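Observations on chain architecture
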Amino acid sequence: MIKKYIYGSPIETSAVVEDIETSNDLIQYFDEIKDENSISFRYVMDNNDIVYGLGEANRGINKRGYIYDSFCTDDPNHTEEKRSLYGAHNFIVVSGMISVGIFVDCAAKVTFDIGYSDSSMIKITPSENDFTVYIIEGKSAYDIIKQFRKMIGRSYIAPRWAFGFQQSRWSYMSKDEIREVVKKYRENGIPLDAVYLDIDYMERYKDFTINEETFSDFEDFVNEMRSQGIRLVPIIDAGVKIEDGYDIYEEGVKNNYFCKRADGSDFVAGVWPGRTHFPDFLNKDARRWFGLKYKFLIDKGIDGFWNDMNEPAMFYTDEGIAEAIEYIKNFDFSNPDSNTFFQLKDKITGLSNRMEDYKGFYHNIDGKSVRHDKVHNLFGFNMTRAAGEAFEELEPNKRILMFSRSSYIGMHRYGGIWTGDNQSWWSHLLLNIKMMPSLNMCGFIYSGADLGGFGSHCTRDLMLRWLAFGIFTPLMRNHSALGTRLQECYNLGDTEDFKNIISIRYSLIPYLYSEYMKACLNDDMMFKPLSFEYPADEFAKTVEDQLIVGESLMIAPVYTQNAKGRYVYLPEDMLLVTFKSSSQRKYQLLKKGMHYISASVNEVPVFIRKNKMLPLCRTTNCTDNMDTSKFEIIAYTSENIEYSMYEDDGISKDYYNPDNYCSFEIREMDGQLGAVSSKTIVKLSLFN
Ligand code: MIG
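A short tour of the structure in this document, coming up. (Residues numbered from 1 in each chain as written. Predicted model: local features only at pLDDT ≥ 70, side-chain atom pairs only at ≥ 80, totals over all residues. Heavy atoms only, no water.)

**A word on the sheet that holds strand E24 (residues 416-418)**
- Strand order in the open sheet formed by nine strands is E25-E24-E22-E18-E14-E13-E12-E27-E26, and the pairing between neighbours is parallel. Looking at strand neighbours, the two that pair on one side only are strand E25 (447-448) and strand E26 (450-451), the edges of this open sheet.
- Where E26 and strand E27 (residues 476-478) come together, two bridges link them in parallel fashion. Its bridge partner lying in E27, Leu451 is registered against Asn478. (Pairing = 2+ DSSP bridges. Helix = DSSP H or I, 4+ residues; strand = E, 2+ residues; numbered from the N terminus.)

In structure tokens:
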């Protein structure tokens, strides 16, 4: 049951696709508190209430005990105290004696104080008074989430090749550098499906251009890579370089497709290309115009992109620099005290992403001029929507890989996300684990973090442990920043372990892809907290470092350095499969309860739930060569069970064809359990 309440006159955010009647009643469950300038919503939590949600946000699965600002922010330092990351996903569920969900559909900043100021109080405060609130009632948190997901529409569906392992770096500077990466992966037998092009493939960071010196005959190069089973995935940045003769810039100016200052001039922000204009993605004509520009790369054989810097990130504005210069000019250097010195310093270091600058430009939304800060959280969403809508037009029968850094709920229909600039820290591996179910709650299913960490120097053991988790995330990409230690798998010593771990991913792809597709098609989650599957288990509710992945698996990644294993809580009897490679495995039946599980850095423990099975295919070096006619089944059952696997060509869009499902059955035949399927079963490993 969903109720909708409108406050003021909100702009249409397009977050919600279901038609829901507006209620005129008083809002339920939450107390509406109006003070002079703002409206907030309060909820008194029970001691045992858990708060789920907020998608791409800091801290745990249970969001209690901190304060979060939904305001898309380019901040590469995701330390524990941070309140904003790149996305704004304003949906939470309070789960306890009663369960209730709230979605605050507000394009401006919204603060979620979840037991921070007062440990038993939730206080949600939109920074503007025009917004829509949805209150969702349901049997459980999981039930509420499914209703919410249905309301916001089907999640973006990635092509199957995007489940292969992908390698990125800021930046591979030339064709030869990329050839070298591919050669090393292939030589070492480490599977690989894609290599990323970061900003340096462009000519002076101009969107939809190619650096002719380093990436000449680009189309031939795309084909050369494709013939080796590799896709190239270029980055697209939000800012358009101001440069005479550059078509995108000139067309944008001519058609008023860029964001404007109050005086009607085109707003300028400094980003990678230098001075840029921001396309007004909230203007539908501008959106279509920019979206169709992706054709430039699609025509060259590209079928995947990542959208960056779309919070939008700003290094500086002219106004900011002018102010700082003025300040310095008037600064009394004769005898500054420490306070004035730090003010001076802040004037310079605070030039990026200033709130004043977000208040300094305007969008044209259906003819109405709207100041940016009031719709800030829709910018990245609409950049990705521009691409998504254009892909439908340009390639109606083909899936294109698309994921974005900034996002808002609603964007999940057009693309996935990666979680931005994390660091090579063990704590960020844990953050990645905890964030996955929250992302799923908000519709972001094709998602993942920079494996190994983006900033800071990665170590071999961190990369191995992170990959051991990353083999389960839809986006499995190793990415790192300029200036950090090289972290391609072949640069971290003894490649055998990397080869083995990534080979496990490739044998899991049919299962993972199937669970991914079911999550998208049924408004469901691929990664769940344990409590969603074991709602009566009080201890399971507190577990945040183990996840359910699809219907058959539980995972418990190791995320501490030098650990030789970890404690794992089993909410029921399970079969532990410890993978050393796709084919080398050890099995152990474990009883419900707490267990210490050993797992060396080159081992991946996976738990098969009771009365479930895991189909595995043979590993390959890239998804082009996957053979999904033959399977090995690992099952933990003493009863007849069935697994329905979704499978399609991975590229076209015939999602609802019933032929896309095939089944694996464990069935009693002649007094014995055996496997039955339309696929060839090469081996059954049955435990009971
Ligand atoms: O200011 O394009 O999050 O993945 O490598 C940094 C360079 C800009 C930020 C992205 C990161 C990417 C980097 N970009």
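Picking up after the structure, the text goes on.
**What to know about helix H1 (residues 141-152)**
- A rise of 1.5 Å per residue sets the reference length of H1, with its twelve residues, at 16 Å; its end C-alpha atoms lie 17 Å apart and thus fit the reference within 8%.
- Among the twelve residues that make up H1, ten are buried, leaving the element largely enclosed by the rest of the structure.
- Of all the positions in H1, only Ala141, Tyr142, Asp143, Ile144, Ile145, Gln147, Phe148, Arg149, Met151 and Ile152 are classed as buried.
- Once H1 ends, the next one or two residues include Gly153, with phi positive near 90°. (Expected span 1.5 Å × (residues − 1). Buried < 20%, exposed > 50% of the residue type's maximum accessible area, 1.4 Å probe, protein only.)

**Considering the packing of helix H12 (residues 460-470) against helix H13 (residues 495-521)**
- Packing of H12 against H13 brings their axes to within 9 Å, and their N-to-C directions diverge by 10°. By the angle class used here, H12 and H13 are roughly parallel. Together, Arg460, Met463, Leu464, Leu467, Ala468 and Gly470 of H12 and Asp497, Phe498, Ile501, Ile502 and Arg505 of H13 make up the contact between the two elements. (Axes fitted to C-alpha atoms, helices over the stretch in contact; angles between N-to-C directions. Parallel < 35°, antiparallel > 145°, perpendicular 65-115°, else oblique. Contact = heavy atoms within 4.5 Å.)

**What about the side chain of Arg231?**
- Tracing the chain through its elements places Arg231 in strand E14 (residues 231-237).
- Ignoring anything within four residues of it in the chain, the contact list for Arg231 reads Trp161, Asp193, Ala194, Val195, Arg226, Asp303 and Asp624.

**Quick look at the environment of Tyr86**
- With respect to the helices, strands and loops of the structure, Tyr86 is situated in the loop between strand E5 (66-70) and strand E6 (87-88).
- A sequence separation of 294 residues divides Tyr86 from Gly380, and the C-alpha atoms of the two residues are 9.2 Å apart.
- There is a polar contact of 3.2 Å between the side chain of Tyr86 and the side chain of His78.
- A distance of 3.0 Å separates a polar side-chain atom of Tyr86 from the backbone nitrogen of Asp421. (Polar contact = N/O pair within 3.5 Å; in protein donor to acceptor, adjacent residues only side chain to side chain.)

**Concerning the nonpolar core**
- Counting residues in hydrophobic clusters, the biggest one holds 186 residues, and the most contacted among them are Tyr294, Phe472 and Tyr516.
- By residue number, the principal contributor to this core is H13, which donates 15 residues.
- Contact partners of Tyr516, with chain neighbours within four places excluded, come to Tyr156, Ile157, Ala158, Phe163, Ile445, Tyr446, Pro474 and Met526.
- In terms of nonpolar packing, the next biggest core, distinct from the first, is built from 28 residues, Phe41, Tyr43, Ile114 and Ile124 among them. (Core = buried A, V, L, I, M, F, W, Y, C linked by side-chain atoms within 4.5 Å.)

**A closer look at the layout of surface pockets**
- Approximately 350 Å³ is the volume found for the largest pocket.
- Elements represented by at least two residues in the lining of the largest pocket include exactly strand E4 (50-53), H1 and helix H14 (530-533). (1 Å grid on protein atoms, 1.4 Å probe; cavity = no way out; pocket = protein on both sides within 12 Å on 5 of 7 lines; lining within 4 Å. Points joined across faces, edges and corners; volume = space filled by probe spheres on them.)

**A few points about a negative patch on the surface**
- A surface patch of like charges, here negative, comprises Glu212, Asp217, Glu219 and Asp220.
- Of note, Glu219 is situated in helix H3 (residues 218-226). (Patch = residues over 30% accessible without salt bridge, like charges linked within 9 Å, V, L, I, M, F, W, Y side chains within 5 Å. Areas by Shrake-Rupley, 256 points an atom, 1.4 Å probe, with all protein chains shown as cover. Salt bridge = Lys/Arg side-chain N within 4 Å of Asp/Glu carboxyl O. Lys, Arg positive; Asp, Glu negative; His and termini not counted. Charge placed at Lys NZ, Arg CZ, Asp CG, Glu CD.)

**Details of the site of the ligand**
- Surveying the vicinity of the ligand reveals 13 residues, the closest of which are Asp198, Asp308, Arg405, Asp421 and His479.
- The side chain of Asp198 places a nitrogen or oxygen atom 2.5 Å from an oxygen atom of the ligand.
- Contacts to the ligand include His479, whose side-chain N or O atom sits 2.9 Å from an oxygen atom.
- For the ligand, whose unbound accessible area comes to 350 Å², protein coverage reaches 95%.
- In terms of residue class, the shell around the ligand is made up of eight nonpolar, one polar and four charged. (Near = heavy atom within 4 Å. Nonpolar A, V, L, I, M, F, W, Y, C, P; charged D, E, K, R; others polar.)

**Describing the sheet that holds strand E35 (residues 604-609)**
- Spatially, six strands are ordered E28-E29-E30-E35-E32-E33 in an open sheet, and the strand pairing comes out antiparallel. The strands lining the two open edges of the sheet, one partner per strand, are strand E28 (527-528) and strand E33 (585-590).
- Of the pairings in the sheet, the one linking strand E30 (residues 553-555) to E35 comprises three bridges and is antiparallel in character. Bridge assignment links Ile555 to a residue of E35, and that residue is Val606.

**Let's talk about the pairing of E5**
- Of all five residues in E5, five are buried, a share of seventy percent or more.
- Because side chains alternate across E5, one face comprises the buried residues Tyr66, Tyr68 and Ser70, and the other comprises Ile67 and Asp69, equally buried.
- Alignment of E5 against strand E9 (residues 110-114), held across five bridges, turns out to be antiparallel. Pairing of Tyr68 across the sheet is with Phe112, part of E9.

**Quick notes on the pattern of salt bridges**
- Under the definition given, this model contains 55 salt bridges.
- The salt bridge involving Glu180 is made with Lys184; its shortest N-O contact spans 2.9 Å. Pair noted here: Glu180 and Lys184 are both in helix H2 (residues 175-187), with a separation of four residues, about one helical turn.
- Residue class for Lys184 comes out partly exposed when judged on its relative accessible area of 25%.
- Between Asp373 and Arg371 there is a salt bridge, with the nearest N and O atoms lying 2.6 Å from each other.
- On the basis of relative accessible area, Asp373 is assigned to the buried category, the value being 6%.
- Among the ionic contacts, a cluster of salt bridges with common partners joins Asp74, Asp308, Glu311, Arg405 and Asp421.

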